[in-house]
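An overview of the molecular structure
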Amino acid sequence: MTKLSFVIFFTLLIHINDAYVNTTDELSFMFNSTSSNRTVLTSQVLRQPTRQATYLGAILAFVFIFFGLIGNILLITTILSVKKLRINIINIFIVSLQFNDLLNIGFNQLFVGLSYANHHWVGGPLICKLVVYFSTVCMGCLLWHHCLIAIHRLIVVVYPSLLRRMSVKTYVIVSLVITRILPIICCIPSFATYSIEYSPQALRCSIRNKVQIFINLTVLIILPNVIIIFCFLGIFFHVYHASYSSGRTNTPSTSVSHSLRREIRITKMFAVLFTLFFLGYHPYGFIRAYDKRRQLHPDIFVLLTLLYCISICASPFVYGIMNNQLRHECMRVIFNCWHCQKIDDYRKYSHGRLNSTVTTALTVVNDGGDDGRASPSTASMYELSCKTIRKKTSSVSRFDTAHI
């Protein structure tokens, strides 16, 4: 009996010990999992930019987005509405560039600004991926636009005989097709592998596929940049050699500068635009490629994103500052819109006065006498007032039409 009770007691101790060990293991596992989740959440919070940086970035981004949209719409409207601007090859490239900037500003940068204002992504997973695709396409399209424009400027300034033999219309069509199709083809690896993930450090999605990153760097960034730099260097050395040769042969500098002045001015304008984009976009791309372990502070990426947004939104102002013809035509379009609005307001005011005069005359007619007829003086005053108002309206309309 004693042995039986001892065996039973020993068995109970073993079961209690096993239960205690299992409970302890479960509690320790729950504690470790909870602590790991807290560590992950803490690390995600630490990898996000601060609220002060995102709020300031959102305010500045929305300001530049507003002026960028207004400037792009005004520039496109001006070029398309004026025939002498519409038939120029350079202005065709400018319109294509501005449509690309409209998509970049109105879609990509707008959602980035909204994510900064809310301190998290607000567009959902589909919009997050679309922003990555559109950003890649817009970036590649812009750089290849500048590349083909630089090639055209090199031909115009350095090889004018080649320009006379080539078809300018064919060159424009091929250039516009290449600038759109090539970036889309380069995005195929991202479509095929679904390698886009959300980055809390940038508060938006980013590409994780190494093949896609390599294609973007080589085909969409490095190759067009090298071609652009070589084209501008060729133009610079040609102009320098031409000015030096004219100085040695005692040729008047005015004749040489007059033949190259317009082309050099246009080339300088596109060189400034390329430099602005180079300084605005490439620091962000290089730092993202360098910081693979995500050791830099996330506020740095807010600053770099803001510089990229400014470089895109400032392009219409560069056109207005460095191209006198575009600036004058844009001012004329703004003045015509304002003048047409004033004329419309005056017509509405004149129409209201005419209606009020007719109403007053009819009232006088109804109250004119026993037979319900107006006196001759009242009828003549009514006709005189109607003629006067019609003459004013017609004269204003003629003046307006002639002025416009």
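Reading guide: rules and limits
Residues numbered from 1 in each chain as written. Predicted model: local features only at pLDDT ≥ 70, side-chain atom pairs only at ≥ 80, totals over all residues. Heavy atoms only, no water. Helix = DSSP H or I, 4+ residues; strand = E, 2+ residues; numbered from the N terminus. Buried < 20%, exposed > 50% of the residue type's maximum accessible area, 1.4 Å probe, protein only. Contact = heavy atoms within 4.5 Å. Areas by Shrake-Rupley, 256 points an atom, 1.4 Å probe, with all protein chains shown as cover. Patch = residues over 30% accessible without salt bridge, like charges linked within 9 Å, V, L, I, M, F, W, Y side chains within 5 Å. Salt bridge = Lys/Arg side-chain N within 4 Å of Asp/Glu carboxyl O. 1 Å grid on protein atoms, 1.4 Å probe; cavity = no way out; pocket = protein on both sides within 12 Å on 5 of 7 lines; lining within 4 Å. Points joined across faces, edges and corners; volume = space filled by probe spheres on them. Nonpolar A, V, L, I, M, F, W, Y, C, P; charged D, E, K, R; others polar. Core = buried A, V, L, I, M, F, W, Y, C linked by side-chain atoms within 4.5 Å. Phe/Tyr/Trp six-rings, centres within 6.5 Å; stacked < 30°, edge-to-face > 60°. Pairing = 2+ DSSP bridges. pLDDT = per-residue confidence, 0-100. Axes fitted to C-alpha atoms, helices over the stretch in contact; angles between N-to-C directions. Parallel < 35°, antiparallel > 145°, perpendicular 65-115°, else oblique. Left-handed = near helix turned anticlockwise from the far one by under 90°.

A word on the overall build of the protein chain
A count of helical and extended segments in the protein chain gives 14 helices and two strands. Residue burial in the protein chain is summarised as follows: out of 404 residues, 37% are buried. Sequence-distant contacts, at least 24 apart, represent 79% of the contacts inside the protein chain between residues at least 6 apart. Here the protein chain displays about 24400 Å² of accessible surface, and carbon together with sulfur accounts for 69% of that area.

What about a nonpolar patch on the surface?
A surface patch of nonpolar side chains, amounting to about 960 Å² of accessible area, comprises Leu56, Ile59, Leu60, Val63, Phe64, Phe66, Phe67, Ile70, Phe317 and Ile321. At eight residues, helix H2 (residues 51–81) tops the list of elements feeding residues into the nonpolar patch. Locating phenylalanine 64 in the fold gives a position in helix H2.

Observations regarding empty space enclosed by the protein
Counted under the stated rule, the structure contains two cavities of 30 Å³ or more. Its volume calculated, the largest cavity comes out at about 110 Å³. Leu97, Gln98, Asp101, Leu142, His146, Leu273, Leu276, Phe277, Ser311, Ile312, Ser315 and Tyr319 are the residues that line the largest cavity. For the lining of the largest cavity, the elements supplying multiple residues, two or more each, are helix H4 (89–118), helix H5 (124–158), helix H10 (253–290), helix H11 (298–313) and helix H12 (315–322). Class assignment of the residues belonging to the lining of the largest cavity gives a composition of seven nonpolar, four polar and one charged.

Some details on the nonpolar core
Counting 48 residues, the largest nonpolar core has Ile94, Phe270 and Tyr319 as its most contacted members. No other element matches the 11 residues that H5 contributes to this core. What phenylalanine 270 contacts, discounting residues up to four positions off in sequence, is Ile90, Ile94, Leu97, His146, Ile149, Phe232 and Tyr319. Ranked by size, the runner-up nonpolar core spans 11 residues in total, among them Trp121, Ile127, Val132 and Ile196.

Some points on the layout of surface pockets
Roughly 940 Å³ of internal volume is contained in the largest pocket. If you go around the largest pocket, you meet 32 residues; those closest to its centre are Ser206, Ile207, Ile213, Tyr284 and Arg288. Among the elements of the structure, H4, H5, strand E2 (204–207), helix H9 (210–248), H10 and H11 are those that each provide at least two residues to the lining of the largest pocket. At seven residues, H10 tops the list of elements feeding residues into the lining of the largest pocket.

A word on the packing of aromatic side chains
Counted by the stated rule, this structure contains 10 aromatic pairs. Summarising the aromatic geometry, the rings of phenylalanine 107 and phenylalanine 134 are spaced 5.2 Å apart at their centres and angled 70 degrees between planes, so their arrangement reads as edge-to-face. Taken as a pair, phenylalanine 107 in helix H4 and phenylalanine 134 in helix H5 lie far apart in primary sequence, 27 residues in all. The buried category is assigned to phenylalanine 107, whose relative accessible area is 18%. Residues phenylalanine 277 and tyrosine 308 carry aromatic rings whose centres are separated by 6.2 Å and whose planes lie at 65 degrees to one another, so their mutual orientation is edge-to-face. Of this pair, phenylalanine 277 sits in helix H10 while tyrosine 308 sits in helix H11; the two residues are 31 residues apart in sequence, bridging distant segments of the chain. Tyrosine 308 matches phenylalanine 277 in its accessibility class, with the two residues each being buried. Each residue in the set Phe107, Phe111, Trp121 and Phe134 is aromatic and connected to the rest through ring pairs, giving one cluster.

Brief notes about the pairing of E2
Where strand E1 (residues 196–199) lies against E2, four bridges are found, and the strand directions are antiparallel. Residue pairing for E2: tyrosine 198 is matched across the bridge by cysteine 205. As consecutive antiparallel partners, E1 and E2 are separated by four residues, and within that stretch leucine 203 has a phi angle of approximately 60 degrees, a positive value.

Topic: the confidence of the model for the protein chain
With 69% of its residues at a pLDDT of 70 or more, the protein chain shows a mean pLDDT of 76. Per-element confidence in the protein chain is highest for H2, whose mean pLDDT is 94, and lowest for helix H1 (residues 2–47), whose mean pLDDT is 41. Segment residues 369–382 is flagged for pLDDT under 50; beyond a separation of four residues in sequence, or across chains, it makes eight contacts in the model. Segment residues 392–404 is flagged for pLDDT under 50; beyond a separation of four residues in sequence, or across chains, it makes 11 contacts in the model.

A closer look at the packing of H4 against H5
The interhelical angle for the contact between H4 and H5, taken along N-to-C directions, is 160 degrees, at an axis separation of 10 Å. On the basis of the axis angle, H4 is roughly antiparallel to H5. Handedness of the H4/H5 crossing: left-handed. Across the interface between the two elements, Ile89, Ile90, Phe93, Ser96, Leu97, Asn100, Asp101, Leu103, Asn104, Phe107, Asn108 and Phe111 of H4 pack against Ile127, Leu130, Val131, Phe134, Ser135, Cys138, Cys141, Leu142, His145, Ile149, His152 and Arg153 of H5. Residues of the contact of H4 with H5, tallied by class, amount to 15 nonpolar, seven polar and two charged.

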